[in-house]
Each structure stands twice: as structure tokens, then as C-alpha cells.
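Single-letter residue listing:
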Amino acid sequence: MNSSARFSDNAPLDAAEIEERFEELVGAVLSSRRTATALSQELARQPRAVQEFTLHWVAITARSSPELAYQFATVAPGAIGALGVAGAEKWLLEAMDVFDREGLYRAAASLKDLAGFIRQARAQAGAVAFPEVARVLEHFLAGLSGRPMKLEADDVPWTDTDTVYLPRRITRYGRREENFRAYKVTAALLWAQARHGTFSLDAKRYPGTAPGLALLAALESIRLAARFERELPGLHRDLELLRQPAIESHFEPVVKALRSESAGVADSLLALQRLPADARAPDWVFLGRLEPQRALGVRAERIARDRQALQSAVARLRAEMRAADGGATAPAEAARLRVAVREMPGDAQQLDISLELDGRTMAPTPEVSALIESILQDLGELPEEYLVAAGDGAYRTENAGEPAELVPGIEAPAEGLLYDEWDFRRRHYRKDWCVLAERDVQPGDSRFVPAALIRYRAEVWHLRRSFEALRGEDRRLRGEPWGDEVDLDAAVRALTEMRSGAELAERLFVRRERKLRDMAVMFVVDMSGSTKGWINDCEREALVLLAEALEVLGDRYAIYGFSGITRKRCEVYRVKRFDERYGGEVQQRIAGIQPLDYTRMGVALRHLTGILAAQEARTRLMITLSDGKPDDFSDGYRGEYGIEDTRQALLEAKRAGIHSFCITIDREARDYLPRMYGAAHYTVIEDVARLPLKVAEVYRRLTS
Amino acid sequence: MDEARVRMTRQSLPDAAGLMIEREPYYQPLRGEVALFEAAWRNQMPVLLKGPTGCGKTRFIEYMAWRLARPLVTVSCHDDLTAADLVGRYLITARETAWSDGPMARAVRLGAILYLDEIVEARKDTTVVIHPLADDRRTLFVDKRGEVLKAPPEFMLAISYNPGYQSVLKELKQSTRQRFVAIDFDFPPAETEAGIVARESGIDAAASGRLVKLAHMTRNLKGNGLDEGASTRLLVHAAKLIVQGVEPRAACDAAIALALTDEPEMLAAVHELVSAVF
Ligand SMILES: Nc1ncnc2c1ncn2[C@@H]1O[C@H](COP(=O)(O)OP(=O)(O)O)[C@@H](O)[C@H]1O
Ligand SMILES: [Mg+2]
């Protein structure tokens, strides 16, 4: 290929070559009076690396604004000279952020103010900003205990026990390591508040004034630091390095009680009362604000949710056990799950959970372990009643009426495809029950995809790299007519055969070849009305990232959306067909994916299974993105009926040799998911913002 | 001591040179896996060891081979492995071609325990030779020689499989899976695992406890950015480095963090977890 041939040769490009590239990239803002000639001559004098860097970023910037890209090109050589390549990249990224927020004029001004940028960069050499640490600290907190927490930026640090809020930047220290340490210790203390019961008392018991809460925060930090000292000594050392000024003398008498192994938040409250009236909270960098009311609200909601989920998981385990026994187990009044939680001496963090159900020990499912761990974190114990099975092992149902007849006013299209639908009550298919039409998505905003690519530039880079690794495996093909080595096996066989009078065989070589990923993937996107807003944005962004990654891999893929209203108007929307290339048109259709009507999932899966099954491929994979339960307008698809039909459609896909994977965004009612996705693997994403990366990650894991 | 062990004398197996496990391997039993394996062996049933990498499956097989006094033939499967590699092939000697048994044929003839490690990594065509060995037939077809080898009663086929990979390319086919008695492996309870690490490396109890704690932290990250958490094997590696005098944090970075991920942010996070624990 032309570009790669050029790439390997390290001589600088000449002005004509550069000008040609500029015209390709930013031609839209060039004219007879404004040419790229001077620019190209300037760049032609630079080393090849600077040229490549400039052209690379001009190309990226041009996707959102050719004008900004042109402006960048004019100042790039100077900036690279002054800032180095990494610094120049930062400077350009900052201008691009300004462009996203405030438009071209401001962005161009920001690019031109190179001197200002350099001054600011020097002043803030040691500063650390939230986006730089967010991913690392999120992993860090998830590692500390099994229950991951979200991280967000705010003016002051605090937590509601689900999310940890951290300052936007920390500039207190001169060196980056010190500011990073401040971030880490702050985050760990907020995590410890949620983990070790800072918000486990009645709302009335917390101080009502800001100074009171600030003092309580300081006392809690002393209590939690003592825990760190016992359990996470390294973290404790970091915390002590930051504790400036030292603990004041009026704290001394109360500190001892807080350091005891059994100390809880109640001890901090007691200590608070014993402090002198003029006590002031110290200015420790890691102290945040306590928000007991908000934290208690979030905690109570989570406890209720976990309890319900655990109870129905117990019921499900029991039902499965009974089914495996052929119904031999007597249905006890209340099934009990016994949990043995063993703690390592001096350490509350390692739980060994084992289950005993009706006298039998069994391994906990990951779902059950996670729930128990979450409940233990909130309550410190597992109350008996949380282990009582709720219901008969079925998921909760609602509105499960008979499918009603047609809603007047909704007409079937003239030429629809007819599909059966599964009626779980009668245990048979309703013949030709649904009418389905295939349509194209109307093209949407052409700026959507480039904007998403910019927003996720770091992720795209990362994804491309990790997908390239998937692609790059070689395989040795034996018995080939030509190749790099002799295939000894084949040669010996040929020799034996020749001795017995046969002709010399021809396939005697071993050849290395890029392993062919013979794979066809169908992405199925929920376009029901309930995805409106954020979920829809994230679905579309997820597709953009995926498409980038899949283009690297060269896997064959198609993208379809679905929605509809009643069984007479089910719709499947083409975004990208298998035989279609990924380009501007497809990008605009991705942008055009919008929330429409309802989620009649079964029929859509049946139709798309047909399309996928027709693909010649060794592995066929169907990945569904949806926001929860199947649902349709007033003809009884809601609830059990729709869940069972969807399950049936996935079973049919499995029988057709298709692997299904379902990604669901739904944190409320997970209880029906194991049932519905019985035939498929699935994952639940609580944080919609995670979707774009998660989808690519799931895909990588599924196919590596 | 075991009657099977006593009955079996090493002299009766001249071809098994190097395949007998001479000294008792250290294996810490976790649940009823030893009894289950023995029962399967007595009943001539093949077994499937299911569990994450580095949790003791290989060590367990070595221990069982010693306990039952059978030779052990281990094959690590990979996607270049062909049926011929397993069964056998002709080799050229000075004047003529001579047949050479592959590990599978050898194991069957010896009545050994044949352990196919990470079976899903093998090429699909190898299942053709595995299936007849894994069901009632207990036979190996050596096509190239037109030979049919019937496995003696002492022979046992064992395979391992890591269900942690979610890849659709690495699923164990139902038709294969259903021929085997499955034994579930997972990482041991914390105290037991700390004991294993201490015993394997000679590290003190406090440090092995910290290593296990670190392992649990990385296992928390499984599915949240890591494909796998740190295995017992990695802990043993780190512990051995520490015993050799490597500074604990450097040892954990080298033996654990870098073994788990290349991603810079995840690497940084694991590094912070290491520094928090030590
Ligand atoms: N139950 C156990 N008893 C003794 N050693 C163990 C045990 N589990 C793990 N190990 C240690 O972990 C290491 C890795 O185990 P290995 O059997 O190679 O794992 P696998 O075969 O499951 O990948 C062993 O070399 C041993 O040091
Ligand atoms: Mg192994």
C-alpha cells in the first residue's frame, strides 16, 4: 500500500507532497487567496516525525473543524519547538476542548496564545486534574472492595456511598506525585466512609451544622486512618505524609477511643461531644464534606434493592434445585440460605461466602456473592430475613394479561413479513402473529460521529491497539503446496507412499498465514421510546467505537435497530447491512438512530437471526443492546409474556448455531434477566456512560 | 497407604521412565476432589478439571498420579496441535521410516493418566481422537497404522478447561463436556491459600497473608477491567522473589501487576493496590 510504503521510509516529505495532503484534509477552507503553499514549505523543513505528528493531528482536528485544523497547522512547528511533541498535543487537545465548549473563535484564540499556554503550563507543572486520575482511582477503589463505586468531579470531595466526588484539580503541592497522593488518599477515605459505616446511624444523630459536620469528618478520618494502619499499612503511610498540620492537642484525649479496633461512627459522635467548644476542624488536604442526609437516602435505596434481589435469587436457586430433583424437595414455607462468612484475623476485607440451601452446600453464583458482599458492607451483617426466599422462584411480574386484540387505528403495512410468537401460557407458537417490516434509518447529523471520535480519542486509540493485538496472530498451515518450511510429516508420508510406488505428493510445505477470523456479528440496538436521552446517545457512541474497532479487525458485521407498536407494526431498522461498507452513509445512519416506540423484542430477534444465520461464517454472534424489559403497547406483551417470548427467540437463535450476548442497561429489576437470557450470556451495566467502552470490551473478550 | 500404590511396582513399567512421579508432590486438598478423582479413576471415567488458570489443577493431577502410582503424560494444548501430534507419526531413520507414538498413544499403551491442559486451545479436529477415548469405547484409533488401541483399565483421560474466558471461540462443546466427570476448582479460602503460598515459597505468614489480600483485590477487578485476577501461581512467584530479597513492592509489580495487564491505567491502579497493602 502506498501510505505504508511511505511510512517506512524516514526521509522528510517534500513541500509538494505535504501540500497535497493539506488539500486533502483541509481543502474546504482553502481558496485561491488562502493556499497551503507557505505552510507546506515551512513544514517541509521539519524532520519527518514532526511532519507526521502535524499531519496526524490536522487530520483528527479536521474531522470536527477544518478551519481549526488549518489554524493548528500554521502554528504547529513553532509549538512543537517550544513544547515538544507531548506538550504540543496537550496544547492542541485543550484548544479542541475549547472548541467543543465555546466554538471556533475562542478555540483559534487559544491556539494563538502559545505564550500564555507555556506560562500556565509552567505554573501548573505539578497540578493534577481529575480526568487524569479518574480511571486509575476507579480501578483502585474497585480493587479495595468488591463493590465498585463511581467517580465524579465536584468542588469539594464527598460521597453519597454510591459515587465518590473528587475535586476538579489538586494544586496544593509542587510535585505531581504529591498531588496524586492527595487524590488517592482522599478517594480512599471516602471509600472507607461508605465501607466502614460512616453513614450507618439514624439521620437525627448527625450534627445539623456545617462546623459540626466538618469536625465529625475530621474525627472519622482519624478512625478510618487507624483502620488503614491495621489493614492497609502502605495507604496509611501515605495518609500520614499528608496530615499537615499535625493533630492538635485538643483532639488528643479523644483520639485513643477512635483508634480501637471496634470503633464505629458512634464513637466519633461521642468524641465530638467531648471536644472543647472552640475546637476547629483542621485543614487536612484529604478532608471532604459529610452529606449524611443524601448518603443515607442512597444507602437505604441500595439496601432495599439488594434485599429484594437477594431474596429472589434465593427463590430462584431453590426453584432450580427443586427442578433438578424432579420436584422431590418439599416446598418449605420459607427457603433459607445459610451463609458462612469467614473473616481473616484482624481483617474485615476477605470474605469467604458459602451457601447452604435446605441442608445442602452449594457454590454461590457471582450475582449472589456480590449481593451478599454489598449488604455486608452496608449493614455489617446479613439479617436472617434477607435470606428468606421471596415468591416461588419466578421473577416478579406485572400487568400480565392475555394478549389483547388489535388496538384500533394501528394498521399493518401492506407488505410485511409474518412471524410466529411464543405464547408461554399455551406453550405454543401463535402462527404468523407479528407483522414486521424492514426499513432504513433516516440519516442523522453528519457531525455526530466525528464529535464522538474526538470525545473518545484516547479510548479509540486504546481500542484500536488492543484489537490489533487480536488480529495479529499467525497460524501455521500444514500440507500446503508452497510455504516457508518443509512439512516433515507430509514429506515422510510422501516418501513412504513413493516407496510403495505412488506419485510424489505435492502438498509438502508449512506456510504461515494471518489467522482468518471467520466471524459474522450482528449488533441489535433497542430503539424503543424508553431509550430516549442519554441511553440513546450512549448506544450511538457505543456503535461508533465498535465500528472503529471492528474495522481494525476486519470482522464482518451488521447493525440493526428495532422498535414498533403492537404486533401489527414491528419494525427492524437497517443501520449497516453485512455487505455494506462502513463509511459516511453508515455513520449518518448511526447518528440517526432515535428512540421510537416499544420493545417487542422477540420478533425482531427472530428476523435478525434469519439474516445472521444466512451468513457463511464459522462463528456467528448476535449482540443485543437494550435498556431492559421487552414491552409493547397494550396488547399484553408487557411482563411475563414478553420475557418468555424473548427467551424463546434466543433459544431459537441458539439452535440456529448463533451465540447471543445481551448487554442491558437496567439497575432496577434484574430478577427476570437470568430467565429471559437463559440461552445467552448477558451483562448488566449500571452506569450508562460506561456503555461505549463496555460494549467494545465485551466484544473483545467474546472473540479472543 | 493406598492399596493401589502398594500393588503397583515401578519395575513393571519400564517404558514409563521419567513419567512416574517419584516424590509426593505437595498438594493441599480443598474439598472432596481427591476422593472424587479416585472414584472416577476406579470406574474408568474421564474427568474435566474446571477452573481459572493457576489455581492448582496441574499440581492436583501430579499429586493424583503419584497417589495412584500411574505414569503421567501431560500435553499443553495450543492451536498448532494436530491430531498427528497427539497420536503419533512416522519418522525417517537411516534407511526406512519408523513409527513413533505420540503422547496419546504412549499414555494409552502405558495405562497412564493423560492430562490435556487447556483443551479448548487445541484445534477442533483433535476432538475426533479424544471422543472415542472419553466414552465407553475407551479406544484410540491410530489411523495411519490402521491400529486400534484399547485403553487398559488403569488408563485415565483428564482435561482442563478455564470457564473464565467468555470467548465464543473457546467454549467447550457440549458433546465433549458431557463425556466427562467435572471437578470444580477455584481459588482456596484465604487462610488456606496463604498457607499454600507460605509452604511453596518459605515466606512468613504475615507476608503471605498480605499477598493473598492483594490477590483478592485484583480478583475484585475481574470483569471490571481485568480478564483475570492474580492466581495462586502468581502469588507463589511474588513470594519467591521476596524470599530472595527483592523488595516486596517491586516483587509484586514484577510478578503480579505486569502479569495481569498491559493497560497503563490498570497497571497504575494495581501498583497502587500493591503499595496500599505493603
Ligand atoms: N491446592 C494446592 N496445593 C499446593 N499448591 C498449590 C495449590 N493450588 C495452587 N498451588 C500452587 O500454585 C501453583 C500453580 O498451580 P497449577 O497447578 O500450575 O495451576 P493450574 O494448573 O490450575 O493452572 C502451583 O505450582 C503451586 O505452587
Ligand atoms: Mg496449568
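Here the structure is a predicted model, which is why all the values come from computation and not from measurement. (Residues numbered from 1 in each chain as written. Chains lettered and ligands numbered in written order. Predicted model: local features only at pLDDT ≥ 70, side-chain atom pairs only at ≥ 80, totals over all residues. Heavy atoms only, no water.)

### Thoughts on the overall build of chain A
Condition: Each helix is a run of DSSP H or I of at least 4 residues and each strand a run of E of at least 2, with the numbering of both proceeding from the N terminus. Here the term buried applies to any residue with accessible area under 20% of the maximum for its type, exposed to any over 50%, and partly exposed to those in between, with areas from a 1.4 Å probe on protein chains only. Here the open area of atoms and residues is found with the Shrake-Rupley method and a 1.4 Å probe, where only the protein chains shown may cover a residue.
Within chain A, the secondary structure is distributed over 24 helices and 19 strands. Per-residue burial for chain A yields a buried fraction of 53% across its 704 residues. Element-wise, carbon and sulfur atoms account for 50% of the exposed surface of chain A, whose accessible area totals about 32200 Å².

### Some remarks on the interface of chain A and chain B
Rule in force here: Any pair of residues with heavy atoms lying within 4.5 Å of one another is described as a contacting pair. The term buried area refers to how much accessible surface (probe radius 1.4 Å) is lost by two components on association, counted for both of them together. In what follows, salt bridge is the name for a side-chain nitrogen of Lys or Arg lying within 4 Å of a carboxyl oxygen of Asp or Glu. What qualifies as a polar contact is a pair of N or O atoms within 3.5 Å, subject to a donor-acceptor requirement within protein and to the restriction that residues adjacent in sequence count only when both atoms come from side chains. Under the grouping applied here, Gly and all other residues not named as nonpolar or charged are polar, the nonpolar ones being Ala, Val, Leu, Ile, Met, Phe, Trp, Tyr, Cys and Pro and the charged ones Asp, Glu, Lys and Arg.
Contact with chain A, which involves 49 residues of that partner, is made by 46 residues of chain B. Between chain A and chain B, a total of about 4200 Å² is buried, with carbon and sulfur atoms accounting for 52% of that surface. Summed over the shared surface of chain A and chain B, the result is 5 salt bridges. As a salt-bridge pair, Asp227(B) and Arg700(A) come within 3.4 Å of each other at their nearest N and O atoms. Run the count over chain A and chain B and you get 10 residue pairs in polar contact (both at pLDDT 80 or more). Listed by contribution, the elements that provide at least two residues to the side of chain A that touches chain B are helix H8 (130-144), helix H9 (176-195), helix H11 (233-242), strand E11 (474-480), helix H18 (488-499), strand E17 (619-626), strand E18 (658-665) and helix H24 (691-703) of chain A. Looking at which element gives the most residues to the side of chain A that touches chain B, the answer is H8(A), with 7 residues. In the side of chain A that touches chain B, the residues fall into 16 nonpolar, 14 polar and 19 charged.

### A closer look at the sheet that holds strand E15 (residues 556-564) of chain A
All names here are of chain A. The condition that has to hold: Strand pairing is assigned whenever DSSP detects at least two bridges linking the two strands. Fitted lines through C-alpha atoms give the axes, limited to the stretch in contact for helices. The angle between two N-to-C directions lies from 0 to 180 degrees.
Reading across from one edge, E9-E10-E16-E15-E14-E17-E18-E19 is the order of the 8 strands in this open sheet, with mixed pairing throughout. Since the sheet does not close on itself, it has two edges, and those belong to strand E9 (417-423) and strand E19 (681-685), each with one partner. With strand direction ignored, the average angle separating the axes of adjacent strands in the sheet is 25°. Relative to strand E10 (residues 428-440), E9 runs antiparallel, the two being bridged by 6 bridges. Bridging across to E10, Leu417 finds its partner in Leu436. Across the face of the sheet, helix H19 (residues 534-553) comes into contact with strand E14 (519-526), E15, E17 and E18 while running at roughly 170° to E14.

### Things to note about the domain arrangement of chain B
Residues and elements named next belong to chain B. For clarity, the cut-off: The source of the domain bounds is an automatic or database domain assignment.
The domains assigned to chain B are domain 1 (2-184) and domain 2 (190-277). Placing the centre of domain 1 and that of domain 2 at their C-alpha centroids yields a distance of 31 Å. In this assembly, 11 residues from domain 1 lie in contact with 10 residues from domain 2. On the domain 1 side of the interface with domain 2, the three residues burying the most area are Tyr26, Thr53 and Gly54, jointly 58% of the side's total. The interface formed by domain 1 and domain 2 includes 1 salt bridge. Where Arg59 meets Glu200, a salt bridge forms, and the shortest distance between an N and an O atom there is 3.0 Å.

### A short note on helix H21 (residues 601-613) of chain A
Residues and elements named next belong to chain A. To be explicit about the condition: Expected helix span is given by 1.5 Å per residue-to-residue step, counting one fewer step than there are residues.
An ideal rise of 1.5 Å per residue puts 18 Å on 13 residues; H21 measures up with 18 Å between its terminal C-alpha atoms. For H21, the buried fraction is high: 11 of the 13 residues fall into the buried class. For H21, the set of buried residues is Met601, Gly602, Val603, Ala604, Leu605, Arg606, His607, Leu608, Thr609, Ile611 and Leu612.

### Comments concerning unusual backbone geometry
All names here are of chain A. For the bond running from Gln244 to Pro245, omega is -5°, close enough to zero to count as cis. Locating Pro245 in the fold gives a position in the loop between H11 and helix H12 (252-258). One non-glycine residue, Asp432, lies in the positive phi region at around 45°. Structurally, Asp432 can be placed in strand E10. Since its relative accessible area comes to 41%, Asp432 is described here as partly exposed.

### As for the pattern of salt bridges
Residues and elements named next belong to chain A. According to the stated counting rule, one finds 58 salt bridges over all chains in the structure shown. With its nearest N and O atoms 2.7 Å apart, the salt bridge here joins Lys204 to Asp202. Residue Asp202 is classed as partly exposed on the basis of its relative accessible area of 42%. One salt-bridge network, in which partners are shared between bridges, spans Arg577, Asp579, Glu580, Glu585 and Arg589.

### A word on the confidence of the model for chain B
Residues and elements named next belong to chain B. Our working definition: Values of pLDDT, ranging from 0 to 100, describe the predictor's confidence in every residue of the model.
For chain B, per-residue confidence averages 88 on the pLDDT scale, and residues scoring 70 or more make up 92% of the total. Counting contacts from residues 1-13, a segment whose pLDDT is below 50, to residues more than four positions away or on other chains yields 19 contacts. This complex was scored by the predictor with a pTM of 0.71 and an ipTM of 0.88.

### A word on the packing of helix H8 (residues 190-201) of chain B against helix H9 (residues 205-220) of chain B
To characterise two packed helices, one gives the angle between the axes of the helices and the distance between these axes. Residue and element names in this part refer to chain B. Put simply, the test is: An angle counts as roughly parallel when it lies under 35 degrees, as roughly antiparallel when it exceeds 145, as roughly perpendicular when it falls between 65 and 115, and as oblique in every other case. Take the far helix as the reference: if the near one is turned anticlockwise from it by less than a right angle, the crossing is left-handed, and if turned clockwise, right-handed.
Remark: H8 packs on H9, axes separated minimally by 8 Å, with the N-to-C direction vectors making an angle of 125°. Considering their axes alone, H8 and H9 lie oblique with respect to each other. Considering the relative orientation of H8 and H9, their crossing is right-handed. Of the residues in H9, those in contact with Ala190, Glu193, Ala194, Val197 and Ala198 of H8 are Ser208, Gly209, Leu211, Val212, His216 and Arg219.

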